[in-house]
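# Overview (structure and organization)
Residues per chain, in single letters:
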Amino acid sequence: MFRSGLSRFSRYRGRRARFEHDPQDEAGLDVRLDRLCSAADSLGLETPQALLSHLAARGLTGQLPRLSACLTALEQAEGPLAPGQFGRDLPFDSLNLLERALDDDLAIPDFSHFAHRLGGFFAYAQENRRGQIADYIPELAHQEADGFGLALCSIDGQRFSLGEAQTAFCLQSVVKPLNYALALALNGENLVHAHVGREPSGRRFNELALDPDYRPHNPMINAGAIMCASLIRPAQPPRDRAELIRRFVMSAAGGAACTLDEAVYQSELATADRNRALVKMMDEHDAFPPGTDTRAALDVYFRACALSLDCEALSVVAAMLANGGVCPVTGHRVIDPMIVRHTLSLMLTCGMYDYSGEFAFTVGLPAKSGVSGGLMIVIPGVGGLGLWSPRLDRQGNSVRGVEFCQRLVEDYPFHIFAGVASD
Ligand code: GLN
């Protein structure tokens, strides 16, 4: 029955990441700009303003640093559309993007319709006022319980947002995939996984439990994330190590503002008994690399959890992962593709705490939630979503976040195994 429902959107299937260069077009800039103008003309886009509206309807706006110089030049141009109006030094990847926008070949082809449907899922989830706000970190209890924001960024940088998408919130566990990716980039897979497993724990995110080799189960729960933090530049002071994580998050978010929420950091330090107990337990079993300063590791971890982004920035992080490690808004590579693959694998199997198996079954997308109500959802080869709604369910996931995801995959073939169940 669901076969025919999903096949309507078969254009979404089998998309690949967009890497830095698209070598297929060897023609020079002038030839390609001429072609671009003719393509625009044949669509009835005779002026720069008409072209800009065409791009905006597809989610391509000045929010995209790699296109913004060109869009500004077009805004200022007068008269019929001409090759000289696209600004100087138009980079090839911006040109590729414009060509795809006119060819109707963007990652999200039917953007206005898609955005409209997301609006419907958002409104549906907004009705839900179930769940409790986390208060075991006292500062989190000050969050607005009914706050709700959502942002989307495609791997082509098409953007759309709803509700409080520009309200910054602290990432909490949503930072864990990036903390893990950075630990891998600095140490390599062998060292990292000598100290942390890659198996779902099936228990709460802060449970006092280790795997049979006395390692934390995986990097997406507290013990494993503290372990990864211990591997990030261990010889440097915690403040500098946390600053490195902050900069890494910022580049993953395409340069968006990322600040440390000092009040949350202090609040977490003051109520850290469980996390200290996790460290003691790991210490007892010699789980850390020899010579680890575990107090410093914990401090780095708390600072990382207190980093704040808004949904718009978080959607760019998710889209970067969906795009194999190249940030779609800047065009810069942030993470090696193999590290992205490892990170997504663990988000899929362990990203939603002890609801991860259920979420993989019903939604089938790599995601990571946090106790502040943040949720990052990756749609590989399509884009990413950043969501914030602080009311949590029993497992600690955003109630509206989970509901939104369930609605999304009912209508779109984004579940990673959707392809085998549709025609
Ligand atoms: N900083 C939180 C803690 O350590 C992170 C937990 C979470 O988001 N699940 O408890």
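Heads up: the structure comes first, above all this text.
Here the residue index of a chain counts from 1 through its sequence in written order. Thresholds applied to this predicted model are a pLDDT of at least 70 for local features of residues and 80 or more for the giving and counting of side-chain atom pairs; totals over whole chains, interfaces and linings are not thresholded and use all residues. Heavy atoms from the whole structure form the basis of all side-chain values; hydrogens and water molecules are not counted.

### Re the overall build of the chain
- A helix here means a DSSP run of H or I that spans at least four residues, while a strand means a run of E at least two residues long, and both kinds are numbered starting from the N terminus. The helix and strand inventory of the chain stands at 17 helices and eight strands.
- Throughout, radius of gyration means the C-alpha value; the globule benchmark is 2.2 Å times the number of residues raised to the power 0.38. Here the C-alpha atoms of the chain give a radius of gyration of 22 Å, agreeing with the 22 Å that 2.2 N^0.38 yields for 423 residues.
- Each of the three principal axes of the chain carries a C-alpha extent, and together these read 70 × 50 × 40 Å.
- The buried label applies to any residue whose accessible area, calculated with a 1.4 Å probe on protein chains only, is under 20% of its type's maximum; exposed applies above 50%, and partly exposed to all values in between. A total of 423 residues make up the chain; the buried ones form 57% of that total.
- In this description, contact between two residues means that some pair of their heavy atoms is separated by no more than 4.5 Å. Residue pairs in contact within the chain that sit at least 24 positions apart in sequence constitute 72% of those at least 6 positions apart.
- Exposure was quantified through the Shrake-Rupley algorithm and a 1.4 Å probe, taking into account, for residues, occlusion by the shown protein chains and nothing else. Summed over its atoms, the accessible surface of the chain is roughly 17500 Å², and 50% of this surface lies on carbon and sulfur atoms.
- All tallies of charge rest on Lys and Arg as positive and Asp and Glu as negative; His and the ends of each chain are not included. Where a charge sits is defined by one atom per residue type, namely NZ (Lys), CZ (Arg), CG (Asp) or CD (Glu). Counting 39 positive and 50 negative side-chain charges, the chain places the averaged centre of each group 4 Å from the other.

### Structural notes on empty space enclosed by the protein
- Cavity means a closed set of points on a 1 Å grid over the protein atoms alone, one where a 1.4 Å probe fits but cannot get out, pocket means an open set with protein on both sides within 12 Å along at least 5 of 7 lines, and lining means a residue has an atom within 4 Å of a point. Grid points are joined across faces, edges and corners, and a volume is the space filled by probe spheres set on the points. Tallied over the full model, the rule gives two cavities of 30 Å³ or more.
- Considered as a void within the structure, the largest cavity measures approximately 40 Å³ in volume.
- Considering the residues around the largest cavity, the lining is formed by Tyr136, Gln172, Ser173, Lys176, Phe205, Asn222, Glu268, Tyr301, Cys305 and Val371.
- Residues that form the lining of the largest cavity fall into these classes: five nonpolar, three polar and two charged. Amino acids are sorted into nonpolar (Ala, Val, Leu, Ile, Met, Phe, Trp, Tyr, Cys and Pro), charged (Asp, Glu, Lys and Arg) and polar (every other residue, Gly among them).

### What about the site of the ligand?
- Here a residue counts as near a molecule or strand whenever at least one of its heavy atoms sits within 4 Å of it. Close to the ligand lie 13 residues; Tyr136, Gln172, Ser173, Glu268 and Tyr353 are nearest.
- Note that an oxygen atom of the ligand is positioned 2.5 Å from one of the side-chain N or O atoms of Tyr136.
- Tyr301 places a side-chain nitrogen or oxygen 2.8 Å from an oxygen atom of the ligand.
- For the ligand, whose free accessible area comes to 300 Å², the fraction covered by protein is 99%. Think of a polar contact as two N or O atoms within 3.5 Å of one another; within protein, one of them needs to be a possible hydrogen donor and the other a possible acceptor, and neighboring residues in sequence only count if both atoms come from side chains.

### Description of unusual backbone geometry
- One non-glycine residue, Asp89, lies in the positive phi region at around 55 degrees.
- Not every positive phi belongs to a glycine, and Asp104 is a case in point at roughly 60 degrees.
- Turning to its location among the elements, Asp104 is positioned in the loop between α5 (92–103) and α6 (111–126).

### Examining the sheet that holds strand β4 (residues 259–260)
- When DSSP finds two or more bridges between two strands, those strands count as paired. Taking strand neighbours across the sheet as the criterion, the three strands line up as β3-β5-β4 in an open arrangement whose pairing is antiparallel. Either end of the sheet is taken by a strand with one partner, and the two such strands are β3 (169–170) and β4.
- By the bridge criterion, two bridges tie β3 to strand β5 (residues 307–309) in an arrangement that is antiparallel. Directly across from Phe169, in β5, lies its bridge partner Leu309.
- Axis definition: a line fit to C-alpha positions, over the contact stretch in the case of helices; interaxial angles, taken between N-to-C directions, run 0 to 180 degrees. The strands touched by helix α14 (residues 311–322) within the sheet are β3 and β5, with β5 carrying the most contacts at an inclination of about 95 degrees.

### With respect to the packing of aromatic side chains
- We call Phe, Tyr and Trp rings a pair once their centres come within 6.5 Å, taking the six-membered ring for Trp, and we label the pair stacked below 30 degrees between planes, edge-to-face above 60, and tilted otherwise. Under the defined criterion, the tally for this structure stands at ten aromatic pairs.
- Summarising the aromatic geometry, the rings of Phe122 and Phe148 are spaced 4.0 Å apart at their centres and angled 10 degrees between planes, so their arrangement reads as stacked. One end of the pair, Phe122, is in helix α6; the other, Phe148, is in the loop between α6 and β1 (149–154), with 26 residues separating them in the sequence.
- Consider the rings of Phe169 and Trp388, whose centres lie 6.0 Å apart with planes at 10 degrees: the pair is stacked.

### Notes on the sheet that holds β1
- Reading across the sheet, the five strands line up as β2-β1-β8-β7-β6 and stay open at both edges, with antiparallel pairing between neighbours. Strands with a single pairing partner mark the edges of an open sheet, and in this sheet they are β2 (159–163) and β6 (367–369). Direction aside, the axes of adjacent strands within the sheet are offset by 10 degrees on average.
- The sheet strands contacting α6 are β1, β2 and β8 (383–388), and the helix crosses β2 at an angle near 25 degrees.
- Sitting on the sheet, α14 is in contact with β1, β2, β7 (374–379) and β8, with an inclination near 150 degrees to β8.

No statement about biological role is implied by the geometric values presented.
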